[in-house]
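Structural description and commentary
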Amino acid sequence: MVQGAVNQNTKLTEEWLQNYVDEWVSFFRKYTKNGEVASYIPILQKANKNHLGISIIGNEGMTIQSGDVHVPFTIQSISKVFTFIVACMERGVSYVLNRVDVEPTGEAFNSIMHLEIRQLRKPFNPFVNAGAITVASLLKGKTSEEKLEPLFQLFEDILGYRPRLNMDVFESEKETSVRNRAIGYYLVEMGYLESELELTLETYFKQCSIEISIHDLARLGMILANDGEDPQTEIEIIPRQVARLAKSLMLTCGMYDASGKFAAYVGIPAKSGVSGGIVAVAPPRSRNEDLPFLEGCGIGVYGPALDKQGNSIAGIRLLRHIATKWDLSIF
Ligand code: GLN
């Protein structure tokens, strides 16, 4: 088993932590061979299934990166956290929560079953596709560009640059989107969508096709760890109430139908996407011990080999290990 427990005698230097993270990434990389890259969006199959990388950014600025840190990938379902945030900022929290619930489903992210069987008044939560497509319909604007402008602006405010849209991924998903269309038509039938279906789906596919890096994910996570405020500038980028709501949803619904296990064994809010990214949020914690990142940190992970639920198979193990060693759990 890998080493690396932190004890009181340890100096928590960047170099010291870096060595452990390097060791852990090489240890957990072997699990990538047990997973498969997503294939239902054909272009995602081109990903290298052996890749595994992590970036950790502390609220005080310390940064640890290891493994395949320079591979760009599309944000996919992780975008659902941020369109939900933008919708809440544009429309108000109660408006959004009147149209999408906050309950975990225990079903696959693209399941349609609950919508029909339970005859709900609104989709289960904003992180399953039915809820995310509904949220995309709530974004203001007459074109997908207009609807997504505040999302790009939010990313620019947090990342310091405007991420690009990967049009090849967008086209690939759009061409093969039968299930999301089925969900979409059902949402239309139920009267859940507030913008026309084609526009809503185009917006949803585009938000999923935004290209980012694990460093970006770590920064997004760090801002959430700090309740929406940039700790360096002290500027509030996301209202505190919205950031906290997003984190609760990440904890209960962020890892698809593995959310319960992730909350139990890792214990931090996180959101995954089918391209293999995970953003995880370790809020500041009060412990009377010498532990890394007590001030809170954001973690970005990338490992495109997925498990059956669609989560990065090695990424989840790596996160669980780090959370255990460093006692990152919020509980
Ligand atoms: N674009 C993907 C889809 O809708 C996102 C899903 C995911 O990352 N889980 O199928």
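Check the entry above for the structure.
Notes on the structure in this doc start here. (Residues numbered from 1 in each chain as written. Predicted model: local features only at pLDDT ≥ 70, side-chain atom pairs only at ≥ 80, totals over all residues. Heavy atoms only, no water.)

**Digging into the overall build of the chain**
- Helix and strand content of the chain: 13 helices and seven strands.
- Relative to the globule expectation of 20 Å for 331 residues, the C-alpha radius of gyration of the chain, 19 Å, shows essentially globular dimensions.
- If you line up the chain on its principal axes, its C-alpha atoms span 60 × 40 × 35 Å.
- Counting only residues that meet the buried cut, the chain has 59% of its 331 residues in that class.
- In the form shown here, the chain has an accessible surface area of approximately 13500 Å², with 49% of it arising from carbon and sulfur atoms.
- Between the centroid of the 33 positive side chains of the chain and the centroid of its 39 negative side chains there is a distance of 5 Å. (Helix = DSSP H or I, 4+ residues; strand = E, 2+ residues; numbered from the N terminus. Rg over C-alpha atoms; globule rule 2.2 N^0.38 Å. Buried < 20%, exposed > 50% of the residue type's maximum accessible area, 1.4 Å probe, protein only. Areas by Shrake-Rupley, 256 points an atom, 1.4 Å probe, with all protein chains shown as cover. Lys, Arg positive; Asp, Glu negative; His and termini not counted. Charge placed at Lys NZ, Arg CZ, Asp CG, Glu CD.)

**Considering the nonpolar core**
- Residues Phe82, Ile85, Leu224 and Ile238 are the most contacted members of the largest nonpolar core, which totals 49 residues.
- Put simply, the parts of the chain that give this core at least two residues each are helix H2 (79–91), helix H3 (93–97), helix H5 (129–138), helix H6 (144–159), helix H10 (214–225), helix H11 (240–253) and strand S6 (277–282).
- For Phe82, the residues in contact, after removing those within four places along its chain, are Leu151, Leu154, Phe155, Leu220 and Leu224. (Core = buried A, V, L, I, M, F, W, Y, C linked by side-chain atoms within 4.5 Å. Contact = heavy atoms within 4.5 Å.)

**Thoughts on the packing of H5 against helix H8 (residues 178–190)**
- Where H5 contacts H8, the axes come no closer than 10 Å and their chain directions differ by 65°. The element H5 and its partner H8 pack so that their crossing is right-handed. Here H5 contributes Asn129, Ala130, Ile133 and Thr134 to the contact with H8, which in turn contributes Asn180, Ile183 and Leu187.
- Classifying every residue of the contact of H5 with H8 by side-chain character gives four nonpolar, three polar and no charged. (Axes fitted to C-alpha atoms, helices over the stretch in contact; angles between N-to-C directions. Left-handed = near helix turned anticlockwise from the far one by under 90°. Nonpolar A, V, L, I, M, F, W, Y, C, P; charged D, E, K, R; others polar.)

**With respect to the site of the ligand**
- Near the ligand you find 13 residues, and of these Tyr40, Gln76, Ser77, Tyr204 and Tyr256 are the closest.
- The separation between a nitrogen atom of the ligand and a polar side-chain atom of Glu173 is 2.7 Å.
- Within the contact set of the ligand, an oxygen atom lies 2.6 Å away from a side-chain nitrogen or oxygen of Tyr204.
- Within the complex, the protein chains bury 100% of what would otherwise be the 290 Å² of accessible surface of the ligand. (Near = heavy atom within 4 Å. Polar contact = N/O pair within 3.5 Å; in protein donor to acceptor, adjacent residues only side chain to side chain.)

**Re the packing of aromatic side chains**
- One pass over the structure, following the stated rule, counts 11 aromatic pairs.
- Ring centres of Trp24 and Trp326 lie 5.7 Å apart, and the angle between their planes is 55°; this geometry places the pair in the tilted category. Here Trp326 lies in the segment after helix H13 (313–325) and Trp24 lies in helix H1 (residues 14–28), a separation of 302 residues in the sequence. Like Trp24, the residue Trp326 is buried in the burial classification.
- A connected cluster of aromatic rings, assembled from ring pairs, spans Trp16, Tyr20, Trp24, Phe293 and Trp326.
- Just above the ring of Phe170 sits the side chain of Lys206; from NZ or CZ to the centre is 5.4 Å.
- Here Arg320 stacks its cationic end above the ring of Tyr265, 4.5 Å away from the centre of that ring. (Phe/Tyr/Trp six-rings, centres within 6.5 Å; stacked < 30°, edge-to-face > 60°. Lys NZ or Arg CZ within 6 Å of the ring centre and 35° of its normal.)

**What about the sheet that holds strand S5 (residues 270–272)?**
- Pairing in this open sheet of five strands is antiparallel, and the strands run S2-S1-S7-S6-S5 from one edge to the other. Strand pairing shows two members of the sheet lacking a second neighbour, strand S2 (63–67) and S5, which therefore form its edges. Across the sheet, the mean angle separating the axes of adjacent strands is 10° when strand polarity is ignored.
- Taken together, the six bridges between S6 and strand S7 (residues 297–302) define a ladder with antiparallel strand orientation. Its bridge partner lying in S7, Ile278 is registered against Val301. (Pairing = 2+ DSSP bridges.)

**Thoughts on the pairing of strand S1 (residues 53–58)**
- Of all six residues that make up S1, six are buried, and the element is covered over most of its length.
- Residues Gly53, Ser55 and Ile57 line one face of S1 and the alternating positions Ile54, Ile56 and Gly58 line the opposite face, and both faces are buried.
- Summarising the sheet, S1 and S7 pair through six bridges and their orientation is antiparallel. Paired with Gly58 across the two strands is Cys297, which belongs to S7.

**Quick word on the environment of Asn166**
- Inspection of the secondary structure puts Asn166 in the loop between H6 and helix H7 (167–175).
- Exposure remark for Asn166: the relative accessible area of 11% places this residue in the buried category.
- It is 6.0 Å that separates the C-alpha atoms of Asn166 and Ile210, two residues lying 44 residues apart in sequence.
- Among the polar contacts made by the side chain of Asn166, one reaches the main-chain amide nitrogen of Asp168 at a distance of 3.1 Å.
- Side chain to side chain, Asn166 and Glu211 meet in a polar contact 2.8 Å long.

**Re the pairing of S7**
- Taking burial as the measure, the six residues of S7 include six buried ones, the bulk of the element.
- Burial along S7 is two-sided: Cys297, Ile299 and Val301 facing one way and Gly298, Gly300 and Tyr302 facing the other are all buried.

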